[in-house]
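# Structural characterization, general
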Amino acid sequence: MLPVAALLFAVASCTNENLQADGSFITLKLSSKTSARPDMTETKADTKPGVDDLNENTINDVYYFFYKKDDTAGEPVIKGSIVGLDQKGTSTRTEEVPVTTGIAGTLFDGSNECQAFIVANPPKSMESTLGGTPTLEELRALTLATTLTETQESFTMVFDAVVNESAPSGNIMTVEANLQRLASKLTFAINTAKTCIDAGS
């Protein structure tokens with residue numbers, strides 16, 4: 001068990017296989033402002049007094065992958081993970097992913113666009129795939145097998161989009177990753193009248 005002092009100084013940790021020191025980076029802006037259906041309105045994760053937070057918008061662990069544009073069968077050019085974010089609510093969490101301009105050049109390959117795929121809060125069944133070098137096709141083929149509990153710790157979310165290069169050095173690009181939930185838990189409360197009158201046929 002960690003002492004209380006250690007818990008007070010706990011921070012998110014980042015694993016990036018492209019970690020270098022030339023000052024270039026990718027900015028990830030992580031949020032979960034919309035529901036599992038992108039055509040629906042923003043989530044209303046309201047709770048009744050005395051009920052725990054539903055955690056619909058919680059972001060804990062994030063796995064990110066960047067591919068050359070239209071390359072669905074190749075390995076990711078950039079990949080990594082950020083764990084222990086403990087991001088609550090619908091505010092945006094900003095993280096910087098260090099890269100080199102050389103890696104960025106390989107990623108964009110003469111274009112100013114690339115493909116991003118981000119998974120947040122994956123179940124254990126996905127971890128072996130996410131920890132390897134999956135193709136974009138393999139990521140898109142992943143299925144979610146999980147059981148929703150009464151108070152869900154978090155929900156698996158994804159972001160899958162083409163993103164644009166910002167500059168050749170420094171902040172190479174900013175990814176506005178509005179993560180979409182793959183599943184949500186719905187709770188219904190039905191109010192009924194105390195008496196029912198049979199009006200007949």
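Residues numbered from 1 in each chain as written. Predicted model: local features only at pLDDT ≥ 70, side-chain atom pairs only at ≥ 80, totals over all residues. Heavy atoms only, no water.

### A word on helix α2 (residues 101-108)
Buried within α2 are the following residues: Ala104, Leu107 and Phe108. For α2, the angular spread of buried residues about the axis comes to 85°, placing them on one side. Those residues of α2 that are buried lie in contact with β3 (62-68), β4 (78-83), β6 (113-120), β7 (157-164) and β8 (171-178). (Buried < 20%, exposed > 50% of the residue type's maximum accessible area, 1.4 Å probe, protein only. Helix = DSSP H or I, 4+ residues; strand = E, 2+ residues; numbered from the N terminus. Arc of directions from axis to C-beta. Contact = heavy atoms within 4.5 Å.)

### What about the pairing of β6?
Within β6, 7 of the 8 residues are buried, which leaves it mostly tucked inside the rest of the structure. Across 8 bridges, β6 lies against β7 in antiparallel orientation. What sits directly across from Ile118, in β7, is Phe159. (Pairing = 2+ DSSP bridges.)

### Observations concerning the confidence of the model for the chain
On average, residues of the chain score 77 in pLDDT, and 66% of them reach the 70 mark or higher. Residue range residues 1-12 is modelled with pLDDT below 50. Its contacts to residues more than four positions away, or to other chains, number 6 contacts. (pLDDT = per-residue confidence, 0-100.)

### What to know about the side chain of Lys79
Mapped onto the fold, Lys79 is located in strand β4. Lys79 sits in the buried class, given a relative accessible area of 7%. A polar contact is formed between the side chain of Lys79 and the backbone oxygen of Gly131, at a distance of 3.3 Å. (Polar contact = N/O pair within 3.5 Å; in protein donor to acceptor, adjacent residues only side chain to side chain.)

### Focus on the packing of aromatic side chains
The geometry of an aromatic ring pair comes down to the distance between the two centres and the angle between the two planes. Within the structure shown, the criterion is met by 1 aromatic pair. An angle of 50° between the planes, with centres 6.3 Å apart, marks the rings of Tyr64 and Phe66 as tilted. Classification of Tyr64 by relative accessible area gives buried; the value is 0%. (Phe/Tyr/Trp six-rings, centres within 6.5 Å; stacked < 30°, edge-to-face > 60°.)

### With respect to the environment of Phe66
With respect to the helices and strands, Phe66 occurs in strand β3. For Phe66, a relative accessible area of 0% translates into the label buried. Sequence separation between Phe66 and Lys79 is 13 residues; the distance between their C-alpha atoms is 6.4 Å. Residues contacting Phe66, with those up to four places away along its chain left out, are Ile26, Leu28, Pro76, Val77, Ile78, Leu107, Cys114, Gln115, Ala116, Met173 and Val175.

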